Amino acid sequence: MSVIPEGNALFVIDIEYIVPFEEVQKVLEPHMAFVKQGYAEGRFLASGPKTPRTGGVVIAMGASLAEVEALMAQDPFVEAGVIALKITEFAASNRHPVLA
């Protein structure tokens, strides 16, 4: 059984802070609750801050780009207007066996 359900694709979500980090920190706690929920629902596979800390990256899965866009619209970072997102769908034609 695959970690990635049939009919789902993978998405790279590139998060870029568009305000000073002090503003981002004001919504960091609710953002982390959102991330935790994404893992609990099986929607996120990996995530974390960029180095240097100019934003973050999330590897997500979903049935469509529209579905992942709707999910990310609920992120408190998006709601607060502190980030810009770029979501890229990709076909994981090569996978580590743990993702098979």
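Here's a quick rundown of the structure.

Scoring rules and cut-offs
- Residues numbered from 1 in each chain as written.
- Predicted model: local features only at pLDDT ≥ 70, side-chain atom pairs only at ≥ 80, totals over all residues.
- Heavy atoms only, no water.
- Helix = DSSP H or I, 4+ residues; strand = E, 2+ residues; numbered from the N terminus.
- Rg over C-alpha atoms; globule rule 2.2 N^0.38 Å.
- Buried < 20%, exposed > 50% of the residue type's maximum accessible area, 1.4 Å probe, protein only.
- Contact = heavy atoms within 4.5 Å.
- Lys, Arg positive; Asp, Glu negative; His and termini not counted.
- Charge placed at Lys NZ, Arg CZ, Asp CG, Glu CD.
- Pairing = 2+ DSSP bridges.

**Topic: the overall build of the chain**
From N to C terminus, the chain includes 4 helices and 4 strands. Counting helices and strands in the order they occur from the N terminus, the chain gives β-α-α-β-β-α-α-β. Relative to the compact-globule value of 13 Å for 100 residues, the chain shows a C-alpha radius of gyration of 14 Å, a close match. The C-alpha extent of the chain, read off along each of the three principal axes, is 40 × 25 × 20 Å. Taking all 100 residues of the chain together, the buried fraction comes to 30%. Summarising the internal contacts of the chain: among those between residues at least 6 apart in sequence, 74% fall at separations of at least 24. For the chain, the distance from the average position of its 7 positive side-chain charges to the average position of its 12 negative side-chain charges is 5 Å.

**Observations regarding the pairing of strand 2 (residues 44-49)**
As judged from the 5 bridges shared by strand 2 and strand 3 (residues 55-62), these two strands associate in the antiparallel manner. Looking at the pairing, Pro 49 lines up with Gly 56 of strand 3. Between strand 2 and the antiparallel strand that follows it, strand 3, lie 5 residues.

Don't take any of this as a statement about function, it's just geometry.
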